[in-house]
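A structural walkthrough
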Amino acid sequence: MQFRHSEGCSPSLCMRRNLCHEREMTNTSEDAYRHIVTESVGFLYPAALRAAALLEVADHLAGGPRDVAELAGLTGANGAYLRRLLRFLASYGTFREDEDGRFHLTPQADLLRADASRSMRAGVLLVTQDAWWLSASDLAEAVRRGEPAFDNRFGQPVFDYLAEHPEDGLLFDAGMAAYSAGDIGYIIDGYDFPNDGVMVDVGGGRGGLLLAALRARPGLRGILLDQENVLAGNVLADLGADDRWTLHPGDFFESVPAGDLYTVKNVLHDWNDDQCVRILENCRYAMNPGAKLLAVDAVIPPGNDPHIGKALDILMLLLLTGQERTRAEFDRLFERAGFRITEVIPTPGRLSLIEAVPV
């Protein structure tokens, strides 16, 4: 093989440069290969999280480390298989095995306890249930059809399915509350909530955000708007001041109650643009003079860097007609509904705070 060299470059020097270039290409190719191999089996980690959650391993380690024989007896599992499961999870920092073969909780593993202060057990069980796994396996078909994979697989939209399967609906509500709980502190710290007037939490689920806002602002009153079956599991009684909040069973596509601040958290990404415009317009029609709207959603940044919003967007593609949006897409959406975005505030979590006022 002959190596070409430029004027002023000796053949030996050019040879070394070409060999170095070939090694760089080999390393790049090797890294790409290893990346694809590793990521192609990435589904095994959430599968293992689900298994540990179902077996309640973390709950049995709350009092201290245990060996596999003890854990197998407590969980009803096969000891050899359980050790392999926990060894795998420990490689991700979820559980830790010591030199004596005992397994310990780690901060990650602690979140799998049902009674942990920020438990993610329900969230893990939600996103790893069969309906979500099967929808994910149909991703290519969803992209071909331009329709949610869930609808095609189960013959109906996800919210209709949940209404017909109450147990799945309860898990959905609990799982969503678990995922939301980690962001609520960032929202309260990141936005200047008023200390008077009425906050209307539109599609607010169990009311975790409203509860936190009422605790942070003693002069604020609140209305929690959602479907009646969802409101049945609300947490607002934890406030200890029942006169400061009201439950409002209803459909945000039909109407919303009057208020001074409207929070729309993890709602807009569930719906297509026309449906979002309808929700936002209903808020605008009901607003008291001087009211504001605060949408809380992921905002996808430009460029090729990883971002949780891009992953969530694939989840929306699988399950719903909605999507995660860029700043420009939010601007167009709010303009259609008669709003102007005044500020977009990023948080340390996965969500941004989008403040808007009617025009």
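Residues numbered from 1 in each chain as written. Predicted model: local features only at pLDDT ≥ 70, side-chain atom pairs only at ≥ 80, totals over all residues. Heavy atoms only, no water.

**A short note on the overall build of the protein**
Of the regular secondary structure elements, the protein holds 17 helices and 12 strands. On the principal axes, the C-alpha backbone points of the protein span a range of 80 × 65 × 40 Å. Per-residue burial over the protein gives 42% buried out of 359 residues. Summed over all atoms, the accessible surface of the protein reaches about 19,300 Å², with 52% contributed by carbon and sulfur. Counting 34 positive and 52 negative side-chain charges, the protein places the averaged centre of each group 6 Å from the other. (Helix = DSSP H or I, 4+ residues; strand = E, 2+ residues; numbered from the N terminus. Buried < 20%, exposed > 50% of the residue type's maximum accessible area, 1.4 Å probe, protein only. Areas by Shrake-Rupley, 256 points an atom, 1.4 Å probe, with all protein chains shown as cover. Lys, Arg positive; Asp, Glu negative; His and termini not counted. Charge placed at Lys NZ, Arg CZ, Asp CG, Glu CD.)

**Points about the domain arrangement of the protein**
Each assigned domain of the protein is listed here: domain 1 (43-116) and domain 2 (130-358). Once you take the C-alpha centre of each, domain 1 and domain 2 turn out to be 33 Å apart. (Domains from an automatic or database assignment.)

**A look at the state of the cysteines**
Scanning all chains against the criterion turns up 0 disulfides. Looking at cysteine 276, it has no disulfide partner, and the nearest cysteine sulfur is the one in cysteine 283, 11 Å off. (Disulfide = S-S within 2.5 Å.)

**Observations regarding the nonpolar core**
With 32 residues, the main nonpolar core has Val202, Phe252, Tyr262, Leu293 and Phe334 as its most contacted residues. For this core, the secondary structure elements donating two or more residues are β4 (198-202), β5 (221-226), β7 (259-265), α15 (273-286), β8 (287-297), α17 (327-336), β11 (339-346) and β12 (352-358). With 6 residues, α15 is the largest single contributor of residues to this core. Each residue touching phenylalanine 334, except ones within four places of it in the same chain, is listed here: Leu268, Leu280, Leu293, Ala295, Phe339, Ile341, Ile354 and Ala356. Counting residues in each nonpolar core, the second largest holds 25 residues, with Ala212, Leu239, Trp245 and Leu351 among its members. (Core = buried A, V, L, I, M, F, W, Y, C linked by side-chain atoms within 4.5 Å. Contact = heavy atoms within 4.5 Å.)

**As for the UniProt feature "domain: O-methyltransferase C-terminal" (unreviewed entry) in the protein**
Look at the UniProt record and you will see "domain: O-methyltransferase C-terminal" (unreviewed entry) annotated at residues 138-340. Across residues 138-340, helical content stands at 46% and strand content at 20%; the span's end C-alpha atoms are separated by 38 Å. (UniProt positions renumbered as here; feature names shortened; annotations may be inferred.)

**Considering the sheet that holds β4**
One open sheet holds the 7 strands; their spatial order is β6-β5-β4-β7-β8-β12-β11, and the pairing between them is mixed. Lying at the two open borders of the sheet, with one neighbouring strand each, are β6 (245-249) and β11. For this sheet, the mean angle separating the axes of adjacent strands, direction not counted, is 20°. In this sheet, β12 lies alongside β8 in antiparallel orientation, the contact comprising 5 bridges. Across the sheet, leucine 294 pairs through a bridge with glutamate 355, a residue of β12. (Pairing = 2+ DSSP bridges. Axes fitted to C-alpha atoms, helices over the stretch in contact; angles between N-to-C directions.)

**What about helix α13 (residues 208-216)?**
All of the buried residues along α13 are Leu209, Leu210, Leu211, Ala212, Ala213 and Leu214. Looking at the packing, one finds that the buried side of α13 touches α12 (166-190), β4, β5, β6 and β7.

**Let's talk about the side chain of glutamine 156**
As for its placement among the helices and strands, glutamine 156 is situated in the loop between α10 (149-154) and α11 (158-164). Look at glutamine 156 and you get buried, because its relative accessible area is 16%. Beyond its immediate sequence surroundings of up to four residues, glutamine 156 is in contact with Phe150, Asp151, Tyr161, Glu164 and His165.

**Some thoughts on the packing of aromatic side chains**
By the definition in use, this model includes 13 aromatic pairs. Measuring from ring centre to ring centre gives 6.3 Å for phenylalanine 252 and tryptophan 271, while their planes differ by 80°; the resulting arrangement is edge-to-face. With phenylalanine 252 in the loop between β6 and β7 and tryptophan 271 in the loop between β7 and α15, this residue pair connects regions lying 19 residues apart in the sequence. For phenylalanine 252, a relative accessible area of 13% puts it in the buried group. Look at phenylalanine 334 and phenylalanine 339: their rings are 6.1 Å apart centre to centre, the planes differ by 75°, and that puts the pair in the edge-to-face class. The class of phenylalanine 339 is buried, set by a relative accessible area of 3%. Through a chain of ring-to-ring contacts, the aromatic side chains of Phe159, Phe172, Phe252, Phe253 and Trp271 assemble into a single cluster. (Phe/Tyr/Trp six-rings, centres within 6.5 Å; stacked < 30°, edge-to-face > 60°.)

**A closer look at unusual backbone geometry**
The residue glutamate 56 is not glycine, and still its phi comes out positive at about 60°. Within the element layout of this structure, glutamate 56 appears in the loop between α2 (44-55) and α3 (57-60). By relative accessible area, which is 37% here, glutamate 56 ends up partly exposed. Here asparagine 266, not a glycine, exhibits a phi torsion of approximately 55°, which is positive. Tracing the sequence through the fold places asparagine 266 in the loop between β7 and α15. Residue classification places asparagine 266 among the buried residues on the basis of a relative accessible area of 15%.

**Overview of the environment of alanine 53**
Along the polypeptide, alanine 53 turns up in helix α2. In sequence terms alanine 53 and aspartate 31 are 22 residues apart; their C-alpha atoms lie 33 Å from each other. If we ignore the near neighbours within four places in the chain, the residues touching alanine 53 are Arg121 and Leu125.

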